[in-house]
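Each chain is listed here by its residues.
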Amino acid sequence: MLRSSHRILLALAALLLGLTFLLPLWRISLRAPQYPEGLGMLIRINTVTGVEPHHLENINGLNHYIGMARIEPDAIPELRIMPWVMAALMVSGLIVAMLGRRTLARVWVGLFLVGAIAGVADFWRWQYDYGHNLHHDAPIKIPGMSYQPPLIGSKVLLNFTATSWPAGGGLAAFASLAIGVAVLVHDKRTRGATS
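Every chain begins its residue count from 1, and numbering advances along the sequence as written. In keeping with the model being predicted, local features are shown solely for residues with a pLDDT of at least 70 and side-chain atom pairs are shown and tallied solely at 80 or more, while totals for entire chains, interfaces and linings include all residues. Neither water nor hydrogens contribute to the side-chain values; these are computed over all heavy atoms in the structure.

Draft legend 1. Geometry of the overall build of the chain. In this description a helix means any DSSP run of H or I spanning at least four residues, a strand means any run of E spanning at least two, and both kinds are numbered starting from the N terminus. Scanning the chain for helices and strands turns up 5 helices and 5 strands. Scored against the burial criterion, the 195 residues of the chain give a buried share of 39%. Put simply, of all contacts in the chain between residues at least 6 apart along the chain, 63% involve residues at least 24 apart. By the counting rule applied here, Lys and Arg register as positive and Asp and Glu as negative, while His and the ends of each chain are not counted. In plain terms, the charge of a residue is placed at NZ if it is Lys, CZ if Arg, CG if Asp and CD if Glu. Across the chain, the centroid of the 16 positively charged side chains sits 19 Å from that of the 10 negatively charged ones. A simple rule labels every residue: compare its accessible area, found with a 1.4 Å probe on the protein chains alone, to the largest value its type can have, and call it buried under 20%, exposed over 50%, or partly exposed in between. Note on definitions: a residue-residue contact is assigned when non-hydrogen atoms from the two residues lie within 4.5 Å.

Draft legend 2. Representation of the pairing of strand S4 (residues 153–157) within the structure. The criterion for strand pairing is that DSSP finds at least two bridges linking the strands in question. The pairing of S4 with strand S5 (residues 160–166) spans 5 bridges and is classified as antiparallel. Of the residues in S5, the one forming a bridge with Leu157 is Phe160.

Draft legend 3. Quick peek at the pairing of S5. For S5, the buried fraction is high: 5 of the 7 residues fall into the buried class. Sheet analysis places strand S1 (residues 26–32) next to S5, joined by 6 bridges and oriented antiparallel. When the sheet's bridge partners are listed, Arg27 is paired in S5 with Trp165. The antiparallel hairpin formed by S4 and S5 contains 2 residues in its connecting segment, where Leu158 sits at a positive phi of about 55°.

Draft legend 4. Broad picture of helix H2 (residues 55–66). For H2, with 12 residues, the first-to-last C-alpha span of 17 Å sits near the 16 Å given by 1.5 Å per residue. The complete set of buried residues in H2 reads His55, Leu56, Ile59, Asn60, Asn63 and Ile66. With its buried residues spanning 135° around the axis, H2 presents them on a single face. Those residues of H2 that are buried are in contact with S1, strand S2 (35–43) and strand S3 (48–50). Immediately beyond the C-terminal end of H2, within one or two residues, lies Gly67, with a positive phi of roughly 90°. One less than the number of residues in a helix, times 1.5 Å, gives the span that helix is expected to have. Arc definition: directions from the helix axis to the C-beta atoms.

These figures capture arrangement, not role.
Structure below.
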């Protein structure tokens, strides 16, 4: 059985995932001389919105000129699945914390880790598709140019600087996973010290 402090931390990790329903998971910002205040896009658990009401439409307008597909939240199947996955992780994490079994804790953290890696890889693939699969009839064509924003950090794309970082919900999910991993590592160390 896990120590009571470890069980409390696992429950906290599961509850932290609730923030993913309230806060955006990721933020992508664009800055250019013609947009000194910048344009921004927020990826939420179930939709994509602009930082300001008109931002997403402006980004879609700019994307049209370089041949990128429109960003249509309803056409992204992951946004329909993600709330269910996150809710399942929350509920199962609370059950694992309540039961306090090491094996279940390992399974929960392992599934969470695999899901997190798959989610980040899928997000990268989504960015790749949008940035590389360009319409041939685009008004602006630059041979060899692609427009994939960075997964994390900043990148210059023509006269725009694209910046991509986890937002509050994404940071909460990473913190939740980190707590789960820390509990397993600490539990293993303390068991080794007492045996």
